[in-house]
Amino acid sequence: MKAVITVVGQDTIGILAKVSNICAEYDANIIDVNQTVMQDMFCMVMLTEIDKLKTDLEDFRKALEVYAEKNNLQIHVMHEDLFTTMHHI
């Protein structure tokens, strides 16, 4: 199983590192990352394998949301099934 993580917000040092650390803490394996900074906005899309998560997807999502709230970011975690369904017509 996979999940897509998106991160958007004011660019600051360490966003990629912190999100990656949270993934590592929960055993989410990062398989692909695409990031850019558009003017002062940090934008990232991360594809992760979540087969071996230490907890359920909701707890993983909440951990990322806590980081997002503390750092004025928008982070969304979407299971690949939902992502695929939304983009398949």
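Everything discussed here concerns the structure shown above.
Visitor: Hey, could you run me through the packing of aromatic side chains in this one?
Guide: Applying the stated rule across the entire model yields one aromatic pair. Here Tyr26 and Phe60 contribute two aromatic rings whose centre-to-centre distance is 5.7 Å and whose plane-to-plane angle is 55 degrees, an arrangement assigned as tilted. On the criterion of sequence distance, the pair formed by Tyr26 in the loop between helix H1 (15-25) and strand E2 (29-38) and Phe60 in helix H2 (residues 57-70) is long-range, its members being 34 residues apart. Since its relative accessible area comes to 0%, Phe60 is described here as buried.

Visitor: How should the sheet that holds E2 be read in this particular structure?
Guide: Pairing between sheet strands relies on hydrogen bonds along the backbone, with the strands arranged either parallel or antiparallel. With antiparallel pairing, four strands are arranged side by side in an open sheet as E2-E3-E1-E4. The outermost strands of the open sheet, each flanked by one partner alone, are E2 and strand E4 (73-79). Across the sheet, the mean angle separating the axes of adjacent strands is 10 degrees when strand polarity is ignored. Relative to E4, strand E1 (residues 2-10) runs antiparallel, the two sharing seven bridges. Of the residues in E4, the one forming a bridge with Ile5 is Val77. Strands in contact with H1 are E1, E2, strand E3 (41-49) and E4; relative to E3, the strand with the most contacts, it is inclined by about 20 degrees.

Visitor: How should the pattern of salt bridges be read in this particular structure?
Guide: Two side chains of opposite charge can pair, provided their charged atoms sit close to one another. Considering all chains together, one arrives at one salt bridge under this definition. Measuring nitrogen to oxygen at the nearest pair gives 2.5 Å for the salt bridge that ties Glu58 to Arg61. Taken together, the residues Glu58 and Arg61, both in helix H2 and three residues apart, mark about one turn of the helix. A residue is classified by how much of its surface remains accessible, and Glu58, at 35% relative accessible area, is partly exposed. What makes Arg61 buried here is its relative accessible area of 18%.

Conventions and cut-offs
Residues numbered from 1 in each chain as written. Predicted model: local features only at pLDDT ≥ 70, side-chain atom pairs only at ≥ 80, totals over all residues. Heavy atoms only, no water. Phe/Tyr/Trp six-rings, centres within 6.5 Å; stacked < 30°, edge-to-face > 60°. Helix = DSSP H or I, 4+ residues; strand = E, 2+ residues; numbered from the N terminus. Buried < 20%, exposed > 50% of the residue type's maximum accessible area, 1.4 Å probe, protein only. Pairing = 2+ DSSP bridges. Axes fitted to C-alpha atoms, helices over the stretch in contact; angles between N-to-C directions. Contact = heavy atoms within 4.5 Å. Salt bridge = Lys/Arg side-chain N within 4 Å of Asp/Glu carboxyl O.

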